[in-house]
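Spelled out, the chains give:
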Amino acid sequence: MELEELSPALLQPQVTVVATLGELLATVPRRNEETLLKSLRCLYWDLEDFTTKLRATVKCMDDTWWRRNVTSDSKVPSASLSQALAAYRSTPWTPWFHVTMEAWHWQGTVDKRVDSWAQLARAATKLCSVCREVATEAADRAAAATARARELQDEAARDGTAQENMLELVQSLGRQEGAEVGGEHEAQVRIDAMVAASRATRATMVRQRAEAALGLLERLVAACDKTTAFLQELQRRVGDIKAALEGIDDASPNVPEDLVAKVAVAERLWEANACLAKDHLLGTLQDIINFLFNGGPASPCGVAERCQRAIEDIPRLLRPPDRPQGVSKVSPVSMELQEMSPALLQPQATMVATLDKLVAITARMDGDVLLPMCQPSLHEALRKFTNNLSVTVHDAGNIFWHRGVPSGCDSTVPSLSQALAAYASTSWTTWEHVRSVAGKWLESAATLDSSWAQLTREVTKLRDACRHVDLNVVAMEEVLRKAIKEAMVGAIREALEGVIDYDVGEGVGGTVVAEHQVRGVTTGRQQAKVALGLLTHLVTACRKVTAFYRELRRRVGEIVGTMKGAEEPSHDFHAALAAKVAVAELLWVASSQVARDYLVGALEKICTSFRCGDPNGSIA
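Residues numbered from 1 in each chain as written. Predicted model: local features only at pLDDT ≥ 70, side-chain atom pairs only at ≥ 80, totals over all residues. Heavy atoms only, no water.

Draft legend 1. A look at the overall build of the protein. Per the secondary structure count, the protein includes 17 helices and zero strands. Residue pairs in contact within the protein that sit at least 24 positions apart in sequence constitute 82% of those at least 6 positions apart. Of the accessible surface of the protein, which amounts to about 31,000 Å², a share of 54% is contributed by carbon and sulfur atoms. (Helix = DSSP H or I, 4+ residues; strand = E, 2+ residues; numbered from the N terminus. Contact = heavy atoms within 4.5 Å. Areas by Shrake-Rupley, 256 points an atom, 1.4 Å probe, with all protein chains shown as cover.)

Draft legend 2. Inspection of the confidence of the model for the protein at higher detail. With 69% of its residues at a pLDDT of at least 70, the protein reaches an overall mean of 75. Mean pLDDT in the protein bottoms out at helix α12 (residues 404-407), which sits at 37, and peaks at helix α1 (residues 12-25), which reaches 89. Segment residues 323-335: pLDDT under 50, and 29 contacts once partners within four positions in sequence are set aside and those in other chains are kept. Segment residues 366-373 is flagged for pLDDT under 50; beyond a separation of four residues in sequence, or across chains, it makes 18 contacts in the model. (pLDDT = per-residue confidence, 0-100.)

Draft legend 3. View of the state of the cysteines. One pass over the structure, following the stated rule, counts zero disulfides. There is no disulfide at Cys131, and the cysteine sulfur nearest it, in Cys128, is 6.8 Å away. A residue is classified by how much of its surface remains accessible, and Cys131, at 0% relative accessible area, is buried. (Disulfide = S-S within 2.5 Å. Buried < 20%, exposed > 50% of the residue type's maximum accessible area, 1.4 Å probe, protein only.)

Draft legend 4. Geometry of the packing of aromatic side chains. This structure, assessed with the given rule, holds four aromatic pairs. Aromatic pair Trp452 and Tyr549: ring centres 5.9 Å apart, planes at 10 degrees, arrangement stacked. Highlighted residues: Trp452 in helix α14 (residues 431-485) and Tyr549 in helix α16 (residues 507-564), separated in sequence by 97 residues. A single burial state applies to Trp452 and to Tyr549, both of which are buried. Consider the rings of Phe548 and Tyr549, whose centres lie 5.2 Å apart with planes at 85 degrees: the pair is edge-to-face. With relative accessibility at 2%, the residue Tyr549 sits in the buried group. What links up through ring pairs into an aromatic cluster is the set Trp452, Phe548 and Tyr549. (Phe/Tyr/Trp six-rings, centres within 6.5 Å; stacked < 30°, edge-to-face > 60°.)

Draft legend 5. Here's a closer look at the pattern of salt bridges. One pass over the full model with this rule turns up 21 salt bridges. The closest approach of N and O atoms between Glu551 and Arg555, which form a salt bridge, is 3.2 Å. In this pair, Glu551 and Arg555 both sit in helix α16, four residues apart, roughly one turn of the helix. A cluster of three or more residues bridged by salt bridges with shared partners is formed by Glu551, Arg554, Arg555, Glu558 and Lys580. (Salt bridge = Lys/Arg side-chain N within 4 Å of Asp/Glu carboxyl O.)

Draft legend 6. Structural detail: α1. Over its 14 residues, α1 extends 20 Å from the first C-alpha to the last, a length consistent with the 20 Å expected when each residue adds 1.5 Å. Judged by how many residues are buried, α1 sits mostly within the fold: 10 of 14 residues are covered. Looking only at α1, the buried set comprises Pro13, Gln14, Val15, Val17, Val18, Thr20, Leu21, Gly22, Leu24 and Leu25. (Expected span 1.5 Å × (residues − 1).)

Draft legend 7. Structural detail: the environment of Gln153. Position of Gln153 relative to the elements: it lies in helix α5 (residues 96-173). Sequence-wise, Gln153 and Met194 are 41 residues apart; in three dimensions their C-alpha atoms are separated by 7.9 Å. The residues touching Gln153, leaving out its near neighbours within four places in the chain, are Ala193 and Ala197.

Draft legend 8. Spatial organisation of the nonpolar core. Counting residues in each nonpolar core, the largest one holds 75 residues, and the members touching the most others are Leu21, Phe50, Leu54, Leu81, Trp117 and Leu245. Beyond its immediate sequence surroundings of up to four residues, Leu245 is in contact with Leu81, Leu85, Trp96, Val99, Thr100, Ala103 and Leu259. Listed in part, the 62 residues of the second largest apolar core include Ala396, Ala419, Leu455 and Met563. (Core = buried A, V, L, I, M, F, W, Y, C linked by side-chain atoms within 4.5 Å.)

Draft legend 9. Main features of the side chain of Arg268. By the secondary structure assignment, Arg268 is in helix α7 (residues 257-294). One buried charged side chain, Arg268, makes no salt bridge at all; its nearest oppositely charged neighbour is Glu271, positioned 5.9 Å away. There is a polar contact of 3.3 Å between the side chain of Arg268 and the backbone oxygen of Arg319. (Lys, Arg positive; Asp, Glu negative; His and termini not counted. Polar contact = N/O pair within 3.5 Å; in protein donor to acceptor, adjacent residues only side chain to side chain.)

Draft legend 10. Layout of the environment of Asn398. Among the secondary structure elements, Asn398 is positioned in the loop between α11 (375-397) and α12. Given the relative accessible area of 26%, Asn398 is considered partly exposed. With 197 residues separating them in the primary sequence, Asn398 and Ala595 have C-alpha atoms 8.8 Å apart.

Draft legend 11. Geometry of the environment of Val359. Checked against the element boundaries, Val359 lands in helix α10 (residues 346-364). With relative accessibility at 6%, the residue Val359 sits in the buried group. Each C-alpha atom of the pair Val359 and Phe610 lies 7.5 Å from the other, and the pair is 251 residues apart in sequence.

Okay, structure coming up:
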């Protein structure tokens, strides 16, 4: 059954129950009203008890299980099943167990509602049985009273005829006393006949009221049975949904679209039922209770009018929400997803791999040859950069809406897509809440953008320092070669000053030592050139990563700006916004997973190699 096919007749029995109670107000005698039957007044007290229980049941119907948890002190508020499914399909960290758990909660709640209405149906049936006995007793009393009245009327008539005959006879005999006695007897019989007729009339009215009450209670029983049947149908639907979810392999669950549609239909019925209770039935029942107990202002006509408005409002309650859940299949999303390339995330992995090679190069550099005053500073700068990179990558792997989960924070922040889905599917999620979530995302994106920009500046400075070292080594090599060629021992000694710990001797021996040093400097130059090339590669990759996060920040900023300009978004606005959010979150989550699953551990190994001096622990 699609949402458009849902009939208002599904929810009308509950309104019929309340409307019938309103009619019973004018039918069942109140506790202070004189009647010929005490049992009819007792029926009024039973009706008070039934109405009180009915109000408690209707109040629970308004309190849907996910709304109750949201407004209570629970630290982990439940989502509706459709929200859980949407979260599972759009976010990789939502476990399948969470979805099946929400289905289990929903089924338990529906079971309780079915039991409550079944109890009400039994109570109404018992009321009807009592009223049937009362009606039977009232009919018997009315029949007896009518028969007695007719008997006395017939006796009075006979006495009247006899009195006329006696009067004629007495007049003919001239006796007045006998006529007076006969007249007194006739008068008393007529009085008794009038009293009997009045009692018969009252007994007939009681019978009519009892029969009217019986008819209304029979209608009440039928309406309670229909309401119970409606909730039993909901119970069956939710049970089928739960069984279908449990039958899906949680190792790689694939949620069928028809199952999502079934969830949407069942939730629409459930939510419409709750809104009907909250918007119409609860207030009317409270007025009825006030009338029953305290003689409040409720009247059968007033109850009938309110119930009529409830029936007229049911089609609106059954309509799908104006803010549809999810993203339409027309696809700004799918188009943009097709344009996404793995190359967007590769620069982060390239940075770590390049850094690993740099650590190995700097660890193997010949400290006796390659400018000792430069090489240690390069190594130290590289270590600091690696530590800063490790912190930033760790932050990149820690998504803003995950941060509250492991930290023990009571109020976890949902993703923006989750907030939008909640706004689209629930009436209590405010647009201001969605804006707040978007603002938190923008803050997180701005922080990461700034961190990567700082890393880019650091690695650029590191590259420039290495280029300076490379130029110095090249210049030293040229001076040494020229001095050796011309046997300029003084020039050799000057070029090597501060590089080696012993003097260059005179003559051929000094030249041999100088040539050995030249070969070492050449090796150092080659190593410095390799390090410079790797640092240049590192700068390029770092700039690409920074550009990626700057683009993410731009997208999130654009989303936030769009949301600030809207108060109550339309269907088209919501679909377009949800599409942009879906793409941005996909990029964000993919980047975070790469960082968390691969890069954080690799950087920890690189930091360990710095501390332990292990050049062979490559993690390329």
